[in-house]
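# Descriptive analysis of the structure
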Amino acid sequence: MIDFRSDTVTKPSKQMLDAMMNAVVGDDVFNEDPTVKELQDHTAKLFGMEAGLFCPSGTMCNQIAIKAHTQPLDEIICDGYSHIYNYENGMWAMASGVSLRLINTDDGIINAQQVEAQIQPDHDWLPETSMVVIENTCNRAGGTVYPLKTMQALSESCKANKLKFHLDGARVFNALATGKYEAKDLHGLFDSISICLSKGLGAPIGSVLIGSNAFIKKARKLRKAFGGGMRQVGLIAAAGLYAIKNNANRVVIDNENALKLGAALTQSNSVEYVRPIETNIVIYKIKDSLDDADYIEQLKQKGIIAISFGGNMVRLVTHLNIDDAMMEKAMDVLKIV
Ligand SMILES: *Cc1c(COP(=O)(O)O)cnc(C)c1O
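Residues numbered from 1 in each chain as written. Predicted model: local features only at pLDDT ≥ 70, side-chain atom pairs only at ≥ 80, totals over all residues. Heavy atoms only, no water.

## Brief notes about the nonpolar core
The biggest cluster of nonpolar side chains holds 50 residues, and the ones touching the most others in it are Phe 47 and Ile 134. Other than its neighbours up to four places away in sequence, Phe 47 contacts Val 172, Phe 173, Leu 176, Ala 183, Leu 186, His 187, Ile 193, Ile 195 and Ile 210. Ranked by size, the runner-up nonpolar core spans 25 residues in total, among them Val 282, Tyr 284, Leu 316 and Ala 330. (Core = buried A, V, L, I, M, F, W, Y, C linked by side-chain atoms within 4.5 Å. Buried < 20%, exposed > 50% of the residue type's maximum accessible area, 1.4 Å probe, protein only. Contact = heavy atoms within 4.5 Å.)

Have a look at this one:
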């Protein structure tokens, strides 16, 4: 089976498993695991932040950031496509007691003018806007990439309006792989960034939340409260460290493979259109005369696993366990099904 459901389905390589077996570990709740510390410091430094925090999931990173940056009854501005809104069980409401104000876009990219238009005036009956969250790349919009200028303008606007600015960078390395900007160009733009190790980077588990020393101090406490304090977790952090050092640059291949799948799809009679492909996510619409469950089943019969995105939309995601032979086969199948 060629599994395009998500870039989370990858298995650790032999080298990654070796790194895990050789990890030097300690009790990380006592802040004594050298491998975890190295992963946190390495990631923070890459993006120009003071400190990092290894968490079990990207959802926990995002929810810790929301809790650390807001007070109950505050409001957060984000895109309607955002992961925090769609795929985190509405946890912002329970854990932080805040509301979300959505900006609905076509491409998952919000700009400073749109944000400024949504900042609440100071009235007794309105929530206080205190945070902006963006997602780069934006999953639900099809792996779209934020232009650097847009992020810079948003950052300026957040500073001017005293709003915290968080980047859900689950797939930030796919954005960097487009070559439009580098990690160092993001230095100073955000109050916090969440980065997934278990997507394009190919580690089995984990995300890193990065920010200032003061923010991470608060985040450590919250991680413990959320049940995310882990002990000799250097075993897992070693995989993340291996991934970030060895797999970050190869994400370029995933982005190229997605373009190839897109090209094959445009030759299929079943496909109405393919959304613009910017990174490793391909979202396309099949014809209204077809049934998406039936279409996905037919792909499966021919060895390809995809997922439905609703409304006859289908998603394919490329990743490091997709090799050239799989790509050849997949392109053939996608043209004919
Ligand atoms: C996958 C993902 C997350 C985090 O997911 P977990 O499964 O909790 O690690 C966060 N944001 C985006 C955009 C994602 O794609």
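## Focus: the side chain of Arg 223
For Arg 223, the location among the structural elements is in helix H9 (residues 213-225). Given the relative accessible area of 2%, Arg 223 is considered buried. When residues no more than four places from it in sequence are discounted, the contact partners of Arg 223 are Asp 28, Gln 40, Leu 53, Phe 54, Cys 55, Met 60, Ile 64, Gly 228 and Gly 229. (Helix = DSSP H or I, 4+ residues; strand = E, 2+ residues; numbered from the N terminus.)

## What about the pattern of salt bridges?
Scanning all chains against the criterion turns up 10 salt bridges. Of the charged contacts, one joins Asp 27 and Arg 231 as a salt bridge, the two residues approaching to 3.1 Å between their closest N and O atoms. Taken together, the residues span a long stretch of sequence, with Asp 27 in the loop between helix H1 (14-21) and helix H2 (34-46) and Arg 231 in the loop between H9 and helix H10 (234-246) at a distance of 204 residues. By relative accessible area, which is 14% here, Asp 27 ends up buried. For Arg 250, the salt bridge identified is with Asp 254, shortest N-O distance 2.7 Å. A single burial state applies to Arg 250 and to Asp 254, both of which are buried. (Salt bridge = Lys/Arg side-chain N within 4 Å of Asp/Glu carboxyl O.)

## Overview of the packing of helix H11 (residues 251-265) against helix H13 (residues 324-336)
At a closest axis distance of 8 Å, the pairing of H11 and H13 adopts a crossing angle of 25°. Our classification of the angle between H11 and H13 gives roughly parallel. Of the two possible hands of crossing, H11 and H13 adopt the one that is right-handed. On H13, the residues that touch Asn 257, Lys 260, Leu 261, Ala 264 and Leu 265 of H11 are Met 327, Ala 330, Met 331, Leu 334 and Lys 335. Residues of the contact of H11 with H13, tallied by class, amount to seven nonpolar, one polar and two charged. (Axes fitted to C-alpha atoms, helices over the stretch in contact; angles between N-to-C directions. Parallel < 35°, antiparallel > 145°, perpendicular 65-115°, else oblique. Left-handed = near helix turned anticlockwise from the far one by under 90°. Nonpolar A, V, L, I, M, F, W, Y, C, P; charged D, E, K, R; others polar.)

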